[in-house]
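For reference, the chains in residue letters:
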Amino acid sequence: MKIQPAGHILSITPYPPGKPVEEVEREYGIKDSVKLASNENPLGPSPKAVAAIIKAVAGLHHYPDSGGYYLTAKLAAKLGVRADQIVLGNGSDDVIGMLTRVYLKPGDTAIMTDPSFLMYDIFVRTVGAEPVKIPLNELAIDLPAMAAAVTEKTRMVFITNPNNPTGGHITPAQFEAFIASLPPHIVVVLDEAYIEFANSPDCLDGLKLISDDWPVAVMRTFSKVYGLAGIRIGYGIMPAEMAGMLHRVRQPFNTNSLAQAAATAALDDEEFLRETKRLIQTELQFLQNSLTRMGVCWFPTQANFFLIDVKQSARSVFEALLQQGVIVRSMVSYGYPEYIRVTVGTRAENIRFLKALERVLDLRETIHA
Ligand SMILES: *Cc1c(COP(=O)(O)O)cnc(C)c1O
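Cut-offs used in this document
Residues numbered from 1 in each chain as written. Predicted model: local features only at pLDDT ≥ 70, side-chain atom pairs only at ≥ 80, totals over all residues. Heavy atoms only, no water. Salt bridge = Lys/Arg side-chain N within 4 Å of Asp/Glu carboxyl O. Helix = DSSP H or I, 4+ residues; strand = E, 2+ residues; numbered from the N terminus. Buried < 20%, exposed > 50% of the residue type's maximum accessible area, 1.4 Å probe, protein only. Near = heavy atom within 4 Å. Polar contact = N/O pair within 3.5 Å; in protein donor to acceptor, adjacent residues only side chain to side chain. Areas by Shrake-Rupley, 256 points an atom, 1.4 Å probe, with all protein chains shown as cover. Nonpolar A, V, L, I, M, F, W, Y, C, P; charged D, E, K, R; others polar. Contact = heavy atoms within 4.5 Å. Pairing = 2+ DSSP bridges. Axes fitted to C-alpha atoms, helices over the stretch in contact; angles between N-to-C directions.

### Considerations on the pattern of salt bridges
Point 1. Counted according to the given criterion, the structure contains 16 salt bridges.
Point 2. One salt bridge in this structure joins Arg220 and Glu192, with 2.8 Å as the shortest N-O distance. Of the two residues, Arg220 sits in strand β7 (residues 216-221) while Glu192 sits in the loop between β6 (187-191) and β7, which places them 28 residues apart along the sequence. Considered together, Arg220 and Glu192 belong to a single accessibility category, that of buried residues.
Point 3. Residues Asp309 and Lys311 are paired through a salt bridge, measuring 3.4 Å at the closest nitrogen-oxygen approach.
Point 4. Taking relative accessible area as the criterion, Asp309 reaches 11% and is therefore assigned buried.
Point 5. Three or more residues joined by partner-sharing salt bridges are found here, namely Glu192, Asp205, Lys208 and Arg220.

In structure tokens, the structure reads:
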């Protein structure tokens, strides 16, 4: 084709879409597979959200409320911030995209960890800026190394807390020291997609740092703890001036009416939220205790997923688990050739996983012997 894209677009690797479960089942000739690969809520969506969606369907001929008035007001009251500090997005991804469009131009750089959430890289490159990647240090975010990497071209820094794919966390003291060491023209994007699962008392809560004087934008989502990944809704909390800039580039109807209704109702579903957190804590304990008994090495987490060191090719273990109908995430492409990432599921799903892992690791032992 003669039509060439803008040069920087060619540097982007497309986001690798996970195969739908139905496709995996057809390919491997299995059924009743369990997916513990995308950090989704094992309980399904919030029932209150589902009821709200059904009710809102009758109004689908209307355009959605552009600013998401009710959802924004409810979030502001719940989080103790002002409505003018909140920007809704078609998933929190959408808000990250707006931040890069507003604050980055060609030639700028954005600092992120290596590995990090793939969308940061894609959004930064989309606007012609360049990602600068700082390796994790023993799976922990190396904030001093990230601060040391700042140059006059740096305009943005991405921090994920709790981190994906490690599940690790940073403390308020670490983060505040980091922010204090940055020049004032840098936007800090603090991605808290999993913050609701964190239970360590020393885990940073970015919301406590939101002020009109700090250049920190906190990303939150309804995709994980609220079980609404499929309908796409998330939000950012940031200084009002920054939020105003994002509204300039935001598509007017970026959050659809069903998503707004679902998220508004989910915020009231305290019972579902409690139930989800309780399940994740109980099942995480169950998984970790079982793995320890099996002699398998796992890493502590503040999220609803965790890493396992399988001490052999993660790709082969991933494939072998797939044959058993258990879908996890291989960490090969993240730079960890012997780690897999597992999302915490229901008790039945977790038992399926543990049994399959036992079989897969034993089987390989037999083959080697
Ligand atoms: C899942 C996840 C998100 C959520 O993205 P949405 O667009 O809100 O679904 C954001 N950041 C990280 C690191 C995630 O793992």
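### Structural notes on the site of the ligand
Point 1. Near the ligand there are 13 residues, and of these Asp191, Tyr194, Thr221, Ser223 and Lys224 occur at the shortest range.
Point 2. Between the ligand and Asn164, the relevant distance is 2.8 Å, taken from an oxygen atom to a side-chain nitrogen or oxygen of the residue.
Point 3. Between the ligand and Asp191 there is a distance of 2.6 Å, counted from a nitrogen atom to a side-chain nitrogen or oxygen.
Point 4. Relative to its unbound accessible area of 390 Å², the ligand is 93% covered by the protein chains.
Point 5. Looking at the shell around the ligand residue by residue, the class counts come to three nonpolar, six polar and four charged.

### Some details on the environment of Leu143
Point 1. Position of Leu143 among the secondary structure elements: in helix α6 (residues 143-148).
Point 2. Since its relative accessible area comes to 6%, Leu143 is described here as buried.
Point 3. When neighbours within four sequence positions are excluded, Leu143 is seen to be in contact with Ile159, Ile170, Gln174, Phe175 and Phe178.

### Side note on the side chain of Glu192
Point 1. With a relative accessible area of 0%, Glu192 lands in the buried category.
Point 2. A polar atom in the side chain of Glu192 sits 2.8 Å from the side chain of Arg220.
Point 3. Setting aside its immediate chain neighbours within four residues, Glu192 contacts Asn161, Leu204, Asp205, Gly206, Leu207, Val218, Met219 and Arg220.

### Details of the pairing of strand β2 (residues 86-89)
Point 1. Alternating positions in β2 separate into two faces, Ile86 and Leu88 on one and Val87 and Gly89 on the other, with burial throughout.
Point 2. Here β2 runs beside strand β8 (residues 234-237); their pairing, made up of four bridges, is antiparallel. Within β8, the position partnered with Val87 by the bridge is Gly236.

### With respect to the sheet that holds strand β10 (residues 305-309)
Point 1. Across the sheet, four strands lie side by side as β9-β10-β13-β12; this open sheet has antiparallel pairing. Taken across any chain shown, the strands that pair with only one partner, and hence form the sheet edges, are β9 (297-298) and β12 (329-330).
Point 2. The sheet contact formed by β10 and strand β13 (residues 339-343) spans five bridges and is antiparallel. Paired with Leu307 across the strands is Arg341, a residue of β13.
Point 3. Lying over the sheet, helix α10 (residues 270-294) contacts β9 and β10, oriented at roughly 5° with respect to β10.

All we've got here are geometric facts, nothing functional implied.
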